[in-house]
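Remarks on the overall topology
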Amino acid sequence: MTDSADTPSFRLAYVPGVTPAKWVRVWEERLPDVPLALLQTSPAEAADRLREGAADAAFVRLPVDRTVFSAIPLYTETTVVVVPKDHVFTAAEEVTLGDLADEVVLHPLDDVLDWETLPGEAAFERPATTADAIELVAAGIGVLVVPQSLARLHHRRDLTYRTLAEAPQSAVALCWPEDATTDLVEDFIGVVRGRTVNSTRGRAGQAPAGAERDGGRDGGRRAGPSGDARRAAGSGSGSRGRAGSAKGGAKSGGGKGGARGSARGGAQGNAKGGSARRGSGGRPGRRS
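The rules behind the values
Residues numbered from 1 in each chain as written. Predicted model: local features only at pLDDT ≥ 70, side-chain atom pairs only at ≥ 80, totals over all residues. Heavy atoms only, no water. Phe/Tyr/Trp six-rings, centres within 6.5 Å; stacked < 30°, edge-to-face > 60°. Pairing = 2+ DSSP bridges. Helix = DSSP H or I, 4+ residues; strand = E, 2+ residues; numbered from the N terminus. 1 Å grid on protein atoms, 1.4 Å probe; cavity = no way out; pocket = protein on both sides within 12 Å on 5 of 7 lines; lining within 4 Å. Points joined across faces, edges and corners; volume = space filled by probe spheres on them. Nonpolar A, V, L, I, M, F, W, Y, C, P; charged D, E, K, R; others polar. Buried < 20%, exposed > 50% of the residue type's maximum accessible area, 1.4 Å probe, protein only. Arc of directions from axis to C-beta. Salt bridge = Lys/Arg side-chain N within 4 Å of Asp/Glu carboxyl O. Axes fitted to C-alpha atoms, helices over the stretch in contact; angles between N-to-C directions. Contact = heavy atoms within 4.5 Å.

If you walk through the whole model with that rule in mind, you get five aromatic pairs. The rings of F10, W23, W27, F59 and F188 are connected pair by pair, giving a single aromatic cluster.

So this is what it looks like as structure tokens:
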């Protein structure tokens, strides 16, 4: 693994349809001192950006050249067919490849699906991009088959989509050059795999910020007396108050002096024990 100590930031490329926001948020929480730069790229250019060193890692669509790149598959997308809102397909929740037999199916040059046999009828020419194909669907020229994320990315109010069964699917992966597995790449792998901050793998195996403070607060709570202990202490104070009352009475020798001594001792004992009861023959003790 190569050293990335001199790398000022982490450069992450991603292809259309991939939303890296959730991973970026985790990165910013864990490595706030290492800026993460996002670079959107076309599927055709993603591999070149990695080879040229323009990006440290990328979210790409499989397949990739596994002799050059390492890849971690993340998820496989649902395939849909994009149609006008008044199209007959909107009456169903799902359509099949056979349902496309009489449809003009647009096949853009940047199509990310791996077709063995193209469905439906071919258009007179292939649109240059998926965005161009969406415009043709809106114009009623044909329908378009894409991963669901691309249908959402190019959403229009006059178009909708339905799940297409039996169609090829697109898988998204995190990819990076195998000979450039830097420390920052390892950190991002940990983020994508959902490793915790304290994971033993990668460089991010450090205690989370504020752990010492939290531990101090917890330690304070553990070290402090429990509710039962406090109640027991209060009970003990009351007992000492009652003992003080009897002792005061004994010193006074009886009569009025004894009453005054008893009241004074009882009031002091009750104040210490948190009692609201009157002392023996004296004024009521104050509430604690």
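On to the pairing of strand β10 (residues 159-165), then. Looking along a regular strand, one sees the side chains alternate between the two faces of the sheet. Bridge count for strand β5 (residues 79-84) against β10 is five bridges, and the pairing is antiparallel. Note on β10: the bridge partner recorded for V80 is T163.

Okay, the layout of surface pockets next. To find leftover empty space, one rolls a probe the size of a water molecule over the atoms. In this structure, the largest pocket occupies an estimated 370 Å³ of space. Around the largest pocket sit 22 residues that line it, and P43, A44, R61, L62 and P63 are the ones nearest its centre. Those elements that provide at least two residues to the lining of the largest pocket are α2 (43-52) and β3 (57-61). Considering every element that reaches the lining of the largest pocket, the biggest residue donor is α2, with six residues. The class makeup of the residues in the lining of the largest pocket is 15 nonpolar, one polar and six charged.

Residue pairs spaced three or four apart in an α-helix point in one direction, given the helix's 3.6 residues per turn. Buried residues of helix α1 (residues 21-30): W23, V24 and W27, and no others. Down the axis of α1, the sector holding all buried residues measures 100°, keeping them to one side.

What follows is about the sheet that holds strand β7 (residues 104-106). Taken in spatial order, the six strands of this open sheet run β6-β10-β5-β9-β7-β8, and their pairing is mixed. Looking at which strands have only one partner, the edges of the open sheet turn out to be β6 (94-96) and β8 (121-122). In this structure, β7 lies alongside β8, joined through two bridges in parallel fashion. Within β8, the position partnered with V105 by the bridge is A122.

Further remarks concern the pattern of salt bridges. As a working rule, side chains carrying opposite charge can pair if their charged atoms are close by. According to the stated counting rule, one finds five salt bridges in the structure shown. Across the salt bridge formed by D56 and R11, the nearest N and O atoms sit 2.9 Å from each other. Taken together, the positions of D56 in the loop between α2 and β3 and R11 in strand β1 (residues 10-14) put the pair 45 residues apart, joining distant regions of the chain. For D56, a relative accessible area of 13% translates into the label buried. Take R11: its relative accessible area is 28%, and that puts it in the partly exposed class.

Here we have five strands laid out as an open sheet, ordered β2-β1-β3-β11-β4, and mixed in their pairing. Only two strands of the sheet have a single neighbouring strand rather than two, namely β2 (36-40) and β4 (69-76). Taken over all neighbouring pairs, the strand axes of this sheet differ in orientation by 20° on average, direction set aside. Pairing of β3 with strand β11 (residues 171-177) involves four bridges; the strand directions are antiparallel. Note that in β11 the partner of V60 across the bridge is A173. Each of β1, β2, β3 and β4 touches α1; the most contacted strand, β2, lies at about 160° to it. In the packing of helix α5 (residues 183-193) onto the sheet, the strands contacted are β1, β2, β3, β4 and β11, and the crossing angle to β11 comes to about 160°.

With that settled, the discussion passes to helix α3 (residues 130-138). Of the residues making up α3, those classed as buried are T130, A133, I134 and V137. Projected down its long axis, α3 carries its buried residues within an arc of 105°, all on one side. Among the structural elements, β5, β7, β9 (143-147) and β10 are those in contact with the buried residues of α3. Backbone geometry just after α3 places G140 at a positive phi near 80°.

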